[in-house]
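# Commentary on secondary and tertiary structure
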Amino acid sequence: MATRTSTRPRVRLEAEDRRSQLIELGLTMLATQPLDRVGIEEIAAAAGISRGLLFHYFASKRDFHLAVAAAAAAQLLEVTDTGRDLPPLDRLRSSLEAYVGYVAENEALYVGLVRGAAGADPELQAVFDANRATFTGRVLDALGQATAEPALRVAARGWVGFVEESTLDWLRHGDLDRSTLIAIQEDVLVHAVSVALGVEPSVLEAMAAALAASRGGVGDS
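Computed from a predicted structure; not experimentally measured.

### Comments concerning the confidence of the model for the chain
Per-chain confidence: the chain averages 80 in pLDDT, with 82% of residues scoring 70 or above. Mean pLDDT across the secondary structure elements of the chain bottoms out at helix 10 (residues 201-214), with 61, and peaks at helix 8 (residues 150-173), with 92. Note on residues 1-9: pLDDT is under 50 here. Beyond four places in sequence and across chains, it has 0 contacts. Note on residues 214-221: pLDDT is under 50 here. Beyond four places in sequence and across chains, it has 17 contacts.

### A closer look at the nonpolar core
Residues L22, L54, F58, F64 and Y99 are the most contacted members of the largest nonpolar core, which totals 52 residues. Contact partners of Y99, with chain neighbours within four places excluded, come to L76, T80, Y110, F135, V163, E164 and T167.

### So, the packing of aromatic side chains
Within this structure, the stated rule accounts for 2 aromatic pairs. Note on F58 and F64: the rings are 5.1 Å apart at their centroids and 75 degrees apart in plane angle, and the pair reads as edge-to-face. Across the pair, F64 and F58 agree in class, each one buried. Taking the centre distance of 5.8 Å and the plane angle of 80 degrees together, the rings of Y99 and F135 count as edge-to-face. Taken together, the positions of Y99 in helix 5 (residues 88-105) and F135 in helix 7 (residues 122-142) put the pair 36 residues apart, joining distant regions of the chain. The two residues Y99 and F135 agree in class, both being buried.

### Focus: empty space enclosed by the protein
In this structure the tally under the stated criterion is 3 cavities of 30 Å³ or more. For the largest cavity, the calculated volume is near 230 Å³. For the largest cavity, the lining is made up of 16 residues, of which L92, S95, F135, R138 and W159 are closest to its centre. Elements represented by at least two residues in the lining of the largest cavity include exactly helix 5, helix 7 and helix 8. For the lining of the largest cavity, a count of residues per class yields 9 nonpolar, 3 polar and 4 charged. Computed from the structure, the second largest cavity encloses a volume of approximately 50 Å³. If you go around the second largest cavity, the residues you meet are L89, L92, R93, L96, W159, E186, L189 and V190. Sorting the residues of the lining of the second largest cavity by element identifies helix 5 and helix 9 (178-197) as the ones contributing at least two each. In terms of residues, the lining of the second largest cavity owes the most to one element, helix 5, which gives 4 residues.

### Considering helix 4 (residues 61-79)
Under the 1.5 Å per step criterion, the end-to-end length of helix 4 is 27 Å for 19 residues, consistent within 8% with the ideal 27 Å. Within helix 4, the full set of buried residues consists of F64, H65, L66, A67, V68, A69, A72, A73, L76 and L77.

Conventions used here
- Residues numbered from 1 in each chain as written.
- Predicted model: local features only at pLDDT ≥ 70, side-chain atom pairs only at ≥ 80, totals over all residues.
- Heavy atoms only, no water.
- pLDDT = per-residue confidence, 0-100.
- Helix = DSSP H or I, 4+ residues; strand = E, 2+ residues; numbered from the N terminus.
- Contact = heavy atoms within 4.5 Å.
- Core = buried A, V, L, I, M, F, W, Y, C linked by side-chain atoms within 4.5 Å.
- Buried < 20%, exposed > 50% of the residue type's maximum accessible area, 1.4 Å probe, protein only.
- Phe/Tyr/Trp six-rings, centres within 6.5 Å; stacked < 30°, edge-to-face > 60°.
- 1 Å grid on protein atoms, 1.4 Å probe; cavity = no way out; pocket = protein on both sides within 12 Å on 5 of 7 lines; lining within 4 Å.
- Points joined across faces, edges and corners; volume = space filled by probe spheres on them.
- Nonpolar A, V, L, I, M, F, W, Y, C, P; charged D, E, K, R; others polar.
- Expected span 1.5 Å × (residues − 1).

Okay, structure coming up:
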């Protein structure tokens, strides 16, 4: 009696579905290795397609890497959009906790994004600059300062950069517990914004509480 060999048929996907699949595979690999080491051959093999077919969906290796970076940046924004039902400062704390938690689980991805954004590739810089702008907007919104004065804008934007660099240092050295890192980041924000507004930190906390009350004790839906 002849032995039958079972082979898995190649799954045919629509163009957008295939593109999304390839980006997801790139994100999976980016969790353990730098962006520039995410190999086209490995991605194609994991997707069950030829290397040449991958370039049907992406014009070049760089185009693929940019698509993966953009997806990673969007993922970071999504997981940190938390605490919408909390008072402003608590909402920021919730977002910080989600941010640091995500980074801890995706170290190579995060390091690659931050360091890549600091490099010479203007398109990669644009991807992460857009994230920074969104994070800055969230801070200002939580403080009820959507149209910020220059000093407050600088404080909020500078704090986003501080969070990036302090989190990188925490990853690099591993000699500080997570709760202390988050407490430092939160205190730096409170003091920076206090200086920008010309008020004491305690006044800022009272302002945040009043803002929460004016919104009925909840964030935006």
